[in-house]
Amino acid sequence: MAASFSLSESDQLSLIDQSVSSRSGNRSLRVAEKERRKNAEDPFVLALKYFSDVQTGTPVTGNDEFERNLVVVERVGYSNGLSPEAISVMLEFAMSLRMGSSPCVRVLKCLLPSSVVPQEAVVRGVVWLNVGKMPITTQVLFLKWVLTVFDMIDAKDQLRAVYGFIFSFITEENLCPFVCHLLYLLTRKESVRVFRVRKLLDLQSKLGRQPFLLHLLSLYKVFSPDLVSLSIPSRVKSGFRNHNSPWKAALAGVQRRNGVQITSAISLAPPVGDRTSSRKRKYCHLQIPVLTSVTNKPPQTELNSRKKLIPLVQIQSFNQLLEKIHQIELPSQMGSLLSSGLALHYLDCVQDESALLRLNFWLGCALQEEFLFGNDGDATQNSEETLQFLNKLLSAQHFLQEGFSSSDAFLYKFLNVWDGSLMRPHILGLLSNIPVIPALHLGKLLFEPLTQLFFTSSLFFKCGLMECLNSMLQKWLTWHSVYALEDNLDISLNSHTSVNMTLSGFKDSVMELVHFVGRLASAGLQLEGCHTLLLSFVLDFYDTVCDTFLKFDLPLVVMPPPGVFYPAFFAPDPISLDRLACIMHRYRVNLTSAKSQEKATEQAFHISRQTFQEFNHYLVFMVNCLWNSMMFKPGMDVQLSEELLQKSNVPQYWTRFDLIHHPALMSYAFDFHQKCWPGRKEMDLNSIKHSKPWSWYLKYLFNQGFEGLKDFFQSNINRQQMAGDERGDSQQR
């Protein structure tokens, strides 16, 4: 009976389960049917179906159905972007010219991707360029669109497969700039062929040295230098313009509404609002792209598996980078390398010229198109983004220990319009990384704009500029000592370029920089009343200059100008006086070493007599003032009439700048006097000049941390005088 009851209960449960499952299945069918009907009634889906099925030859004029469906597609495209399927349908419709060429422009302008662009659609669009009678303006617009969305294309292998087909359009004069740009992005080593190099050279002979042709030829030369014998200028005008203007504001709006970053071949700008409101360029976004693979498909595609390429984004450690360093696949957007430490390691280890060329191209577009020509009125809302961009750029340059050529070119232009305050620490940081410039171009590129900024800016800008120029000089000297060739004649300007400069040319550039800073410092100290802070930064610079021979092995000695030496000597703070003494001591050591080397070898450089005269002049002045108490004596640099000195009523005026009475050291003399004669009620500083107190005072003074003064006097005063045993002038003190 129990078993029968149990079986009946099981049957009931089974029936209940079947009933629930049946209801659930019916509900799923109803939901699917409802979704299908909803999609079938969706105007956007109907519009895509219309453009997919429209017949060739359908008229446009008076076609209300066409206009209604195109408006629906435009509304979706401009608001949220089009899906990959929608882009495929609309691009096929536009490029196939089913309804003529008139709708093409409207369709292309609304092709704003919400995520990625199918590669197959782009390839079909390229193929359609050679079919039918498409107007040249429409072909140009299509190429501009491809360049804009290039980094959103989900793969590039099929595009590279039709590289030769794309290259065939290079003979069309109106298309040539855009075709060169697209080829530049698609070129790999296997793309460089002799017939293509010849075609580009033929075009150059017809069109002249166009920047877009030179850029493509420079990339060809990187991959195959034996095929391109043409000399490429080191500084080529920006060859590829920013072609994404028709889609810039709309893409930024799609990005903001979708809440995701849409990468682009060129940085995107914020919405510009009413097009008729202003013709000025707006301040634009500066964003470092996220490091991604060159394709958005799974990494093990047929092409990658055959070549065994590994996307850089998949490298997780430095050891893995070293193991796979010759199998690395660089990202499609080279700007993303700036945000990856491993990517910077790759650039530093491999020194891939093609990668640096692409990175410099991206960086040049970002800085010049988006920052240099930006509107300062909109800078506030983008300041944080700009700071992050410049911080990343500076971090990458510090990591590589050199700058990028594109950032150098940007600075040469930006200095002429800079106000000295916008992003000052970052601009000065970039400026300090500029490589050695030939002396002939230093004035125009650097000295003229910096001089204007220096004399019209605040004290803190002057200090920052002095620090920047000191850092620049240190890097120049370091590059010389590291990259100098064995024959000691040529030096490489940086590790990623073959541009060389003769040693004499390098010396001329360094000398011009030192003289320029000397002129700025002399005038700046006068303008700022010999401000202690500015004087400190100036002395920092000459700390570097005084050791150019021994520390950096550069056969050059340049003395500071009088406008720097005398303000430092008469400074009321002891630190400046001690640092000046240290600098003069280092000058003596460098000159002595250079002189001895000049006598020992025939290859040593010759020091001009004027340099020795300037040093000896400063040396005698310091010794006479600080040690011999002979200020204002005949033959000294600082001379006043005897009548004026008598009217000053200063007792023993010739001792006012010795080691006891110098304004920077008098407080120490007072303290020493009190410790040496605590019972005296009257202060008699001249009593320190006696033999034993003088030697005690020197020890006391040097124990206060004045290592510069100590080294200076130990190297320039004989030991007997230092010990106080022989003091021929003791009574004159």
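Quick notes on the rules
- Residues numbered from 1 in each chain as written.
- Predicted model: local features only at pLDDT ≥ 70, side-chain atom pairs only at ≥ 80, totals over all residues.
- Heavy atoms only, no water.
- Helix = DSSP H or I, 4+ residues; strand = E, 2+ residues; numbered from the N terminus.
- Contact = heavy atoms within 4.5 Å.
- Areas by Shrake-Rupley, 256 points an atom, 1.4 Å probe, with all protein chains shown as cover.
- pLDDT = per-residue confidence, 0-100.
- Buried < 20%, exposed > 50% of the residue type's maximum accessible area, 1.4 Å probe, protein only.
- Core = buried A, V, L, I, M, F, W, Y, C linked by side-chain atoms within 4.5 Å.
- Salt bridge = Lys/Arg side-chain N within 4 Å of Asp/Glu carboxyl O.
- Polar contact = N/O pair within 3.5 Å; in protein donor to acceptor, adjacent residues only side chain to side chain.
- Axes fitted to C-alpha atoms, helices over the stretch in contact; angles between N-to-C directions.
- Parallel < 35°, antiparallel > 145°, perpendicular 65-115°, else oblique.
- Left-handed = near helix turned anticlockwise from the far one by under 90°.
- Nonpolar A, V, L, I, M, F, W, Y, C, P; charged D, E, K, R; others polar.

1. Examining the overall build of the protein chain
Link 1 in the chain: Along the protein chain, the regular secondary structure elements total 32 helices and 4 strands.
Link 2 in the chain: For the protein chain, the proportion of contacts with a sequence separation of at least 24, taken over those separated by at least 6, is 72%.
Link 3 in the chain: Surface summary for the protein chain: the accessible area is close to 35,800 Å², and the carbon and sulfur share equals 52%.

2. Observations concerning the confidence of the model for the protein chain
Link 1 in the chain: Across the protein chain, the average pLDDT comes to 79, with 75% of residues at 70 or higher.
Link 2 in the chain: Counting interchain partners and residues more than four positions distant, the pLDDT-below-50 stretch residues 375–381 has 7 contacts.
Link 3 in the chain: Confidence drops under pLDDT 50 across residues 725–733; counting only partners more than four residues distant or on other chains, this segment forms 18 contacts.

3. Looking at the environment of Ile315
Link 1 in the chain: Relative to the assigned elements, Ile315 resides in the loop between β1 (310–311) and α15 (318–323).
Link 2 in the chain: Residue class for Ile315 comes out buried when judged on its relative accessible area of 4%.
Link 3 in the chain: A C-alpha to C-alpha distance of 7.9 Å links Ile315 and Leu342, two positions 27 residues apart in sequence.
Link 4 in the chain: Setting aside residues up to four positions removed in sequence, Ile315 forms contacts with Ile310, Gln320, Leu321, Lys324, Ile328 and Leu342.

4. So, the nonpolar core
Link 1 in the chain: Counting residues in hydrophobic clusters, the biggest one holds 136 residues, and the most contacted among them are Leu431, Leu446, Met584, Tyr587, Leu659 and Tyr697.
Link 2 in the chain: For this core, the element with the most residues is helix α22 (residues 459–483), which contributes 12 residues.
Link 3 in the chain: The contact partners of Leu659, leaving out residues within four places of it in the chain, are Leu626, Trp627, Leu665, Trp694, Tyr697, Leu698, Leu701 and Phe713.

5. As for the pattern of salt bridges
Link 1 in the chain: Within the structure shown, the criterion is met by 9 salt bridges.
Link 2 in the chain: Between Glu528 and Lys462 there is a salt bridge, and its shortest N-O distance comes to 3.3 Å. Of the two residues, Glu528 is situated in the loop between α23 (503–527) and α24 (532–545) and Lys462 in helix α22; the sequence distance between them amounts to 66 residues.
Link 3 in the chain: Residue Glu528 is classed as partly exposed on the basis of its relative accessible area of 24%.
Link 4 in the chain: By relative accessible area, which is 2% here, Lys462 ends up buried.

6. Section: the side chain of Asn433
Link 1 in the chain: Looking at where Asn433 falls in the secondary structure, it is placed in the loop between α20 (424–432) and α21 (439–455).
Link 2 in the chain: At 2.7 Å, the side chain of Asn433 forms a polar contact with the side chain of Gln397.
Link 3 in the chain: What Asn433 contacts, discounting residues up to four positions off in sequence, is Leu394, Gln397, His398, Gly403, Asp408, Lys475 and Trp479.

7. A short note on the packing of helix α10 (residues 176–186) against helix α12 (residues 211–223)
Angle between the axes and distance between the axes are the two parameters that describe a pair of packed helices.
Link 1 in the chain: Relative orientation of the contacting elements α10 and α12 amounts to 25°, with a least axis distance of 9 Å. Taken together, the axes of α10 and α12 are roughly parallel relative to one another. Pair α10 / α12 crosses with left-handed handedness. On α12, the residues touching Cys176, Pro177, Cys180, Leu183 and Tyr184 of α10 are Phe212, Leu213, His215, Leu216 and Leu219.
Link 2 in the chain: Residue classes in the contact of α10 with α12 are distributed as 9 nonpolar, 1 polar and no charged.

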